[in-house]
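Here's the letter readout for the chains.
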Amino acid sequence: MKKRIVVCGATGFIGRNLVERLAADPGVELVAVRHRRPGYDLPGLRWIDADLTRDEGARAVVAGADVVIQAAATTSGAKDIVERPYIHATDNAVMNSLLLRACHEAKVGHFVFFSCSVMYQPAERPVRESDFDLSRPLFPSYVAAGWTKIYVERMCEMYAGFGRLRCTALRHSNVYGPHDKFDLERSHMFGATVTKAMTAPEGGTLTVWGTGEEARDLLYVGDLVRCVEMVMARQTTPFALYNVGFGQAVKVRDVVERVIAATGRRIGIAHDLSRPSIPFSLALDSSRIATEIGWRAETTLAEGLARTIAYWRAQARLAAAS
């Protein structure tokens, strides 16, 4: 019998990559959840249109599921994080609360939640899961998103403790790759940088928000998808919390230089210190998941960059031909 896997947020960045990978598994009956954005065609894929912030929507998508992968979320870039942090709190807390209850009551076997690293303080060395101190204030720019992620992690632990639902919370670092948000209004640093580099006039400049001294742990999306596959196959404990990152922090300025070099274009760099930026540097220590599950990041930044730029160019050709 095939395993029924439900991917919530299947039209988003991580969800789309998960669906494309899992759709190739003949042992999987794949259900994809969408709401406002249109779906796409893949052989054997079944779509459900549901609002996960409503109880009936959450119950509908988890019915009959063996695994629910929760990749649906309200997300955006630095501008919203700085100016409207509350938009990351309410909807995300509501939808995850409803999904966890629905999974528990429907006797789903496994719930995988994409947390992230926003609850950590900036650090000079890679941080472990145990380095998070609940008594310390969160980094100001990440208060709303951070407390929401912590809340859902604790909800996962609570439901796992009831003995019916296995739960995994993945504190991933900054993810990049194909299907990322590349529009400049909603994108994160990496997606925005690729778009700026690909659209700037030859001999022009690419404008970086802030000084570029802050550093990010960049994880290729394919490595995160492989992590989910390994967790589904190998996790034995009722609840697990894992850091999932490449393990090195790269300065934004260096990322921009590498992106420009990978495009092969002649572009200069300028800095706009008036625009929102987040002076935060962090890398994750993923030794726990390496020990317990056997996962390690495999894709170098150079490899991931090349794949991402190739994807951007392919999408631009399709858009031009349509």
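None of the values given here were measured: they were computed from a predicted structure.

1. Some thoughts on the overall build of the protein
Counting its secondary structure elements, the protein contains 10 helices and 12 strands. Since a compact globule built from 322 residues should have a radius of gyration of about 20 Å, the 19 Å found for the protein is in line with a globular shape. Seen through its C-alpha atoms, the protein measures out along the principal axes to roughly 60 × 50 × 35 Å. Per-residue burial over the protein gives 52% buried out of 322 residues. The long-range fraction of contacts in the protein, counting pairs at least 24 apart against all pairs at least 6 apart in sequence, stands at 80%. In the form shown here, the protein has an accessible surface area of approximately 14,600 Å², with 52% of it arising from carbon and sulfur atoms. Seen as two clouds, the 40 positive and the 35 negative side-chain charges of the protein have centres 2 Å apart.

2. Digging into the nonpolar core
Buried together is how nonpolar side chains tend to be arranged in soluble globular proteins. Membership of the largest hydrophobic core comes to 34 residues, with the highest contact counts inside it found for Ile-5, Val-7, Ile-69, Leu-170 and Val-244. Taken together, the elements giving at least two residues each to this core come down to β1 (3–8), α1 (13–22), β2 (28–34), β4 (67–70), β5 (110–116), α7 (221–234) and β10 (239–244). With sequence-adjacent residues up to four places away left out, Val-244 is seen in contact with Leu-170, Arg-171, His-172, Ser-173, Leu-219, Leu-224, Cys-227, Leu-284, Ser-286, Ile-289 and Trp-295.

3. Quick look at helix α10 (residues 301–321)
Relative to the 30 Å expected for 21 residues at 1.5 Å per residue, α10 spans 30 Å between its end C-alpha atoms, a close match to the ideal helical length. Residues of α10 that are buried: Leu-301, Gly-304, Leu-305, Thr-308, Ile-309, Tyr-311 and Trp-312. Considered in projection along α10, the buried side chains sweep an arc of 155° and stay on one side of the axis. When the buried face of α10 is taken as reference, the exposed residues oriented beyond 90 degrees from it are Ala-302, Arg-317, Leu-318 and Ala-321.

4. Quick notes on the sheet that holds strand β9 (residues 215–220)
Taking strand neighbours across the sheet as the criterion, the 3 strands line up as β7-β9-β11 in an open arrangement whose pairing is mixed. Where the open sheet ends on each side, the last strands, each with one partner, are β7 (174–176) and β11 (249–251). Neighbour to neighbour, the strand axes of the sheet diverge by 55° on average, direction disregarded. Sheet topology places β9 next to β11; 3 bridges connect them, and they run antiparallel. Pairing of Arg-216 across the sheet is with Val-250, part of β11. Relative to β11, helix α8 (residues 252–263) is tilted by about 75°, and along the sheet it contacts β9 and β11.

What counts and what doesn't
- Residues numbered from 1 in each chain as written.
- Predicted model: local features only at pLDDT ≥ 70, side-chain atom pairs only at ≥ 80, totals over all residues.
- Heavy atoms only, no water.
- Helix = DSSP H or I, 4+ residues; strand = E, 2+ residues; numbered from the N terminus.
- Rg over C-alpha atoms; globule rule 2.2 N^0.38 Å.
- Buried < 20%, exposed > 50% of the residue type's maximum accessible area, 1.4 Å probe, protein only.
- Contact = heavy atoms within 4.5 Å.
- Areas by Shrake-Rupley, 256 points an atom, 1.4 Å probe, with all protein chains shown as cover.
- Lys, Arg positive; Asp, Glu negative; His and termini not counted.
- Charge placed at Lys NZ, Arg CZ, Asp CG, Glu CD.
- Core = buried A, V, L, I, M, F, W, Y, C linked by side-chain atoms within 4.5 Å.
- Expected span 1.5 Å × (residues − 1).
- Arc of directions from axis to C-beta.
- Pairing = 2+ DSSP bridges.
- Axes fitted to C-alpha atoms, helices over the stretch in contact; angles between N-to-C directions.

None of the figures reported here should be taken as evidence of function without further support.
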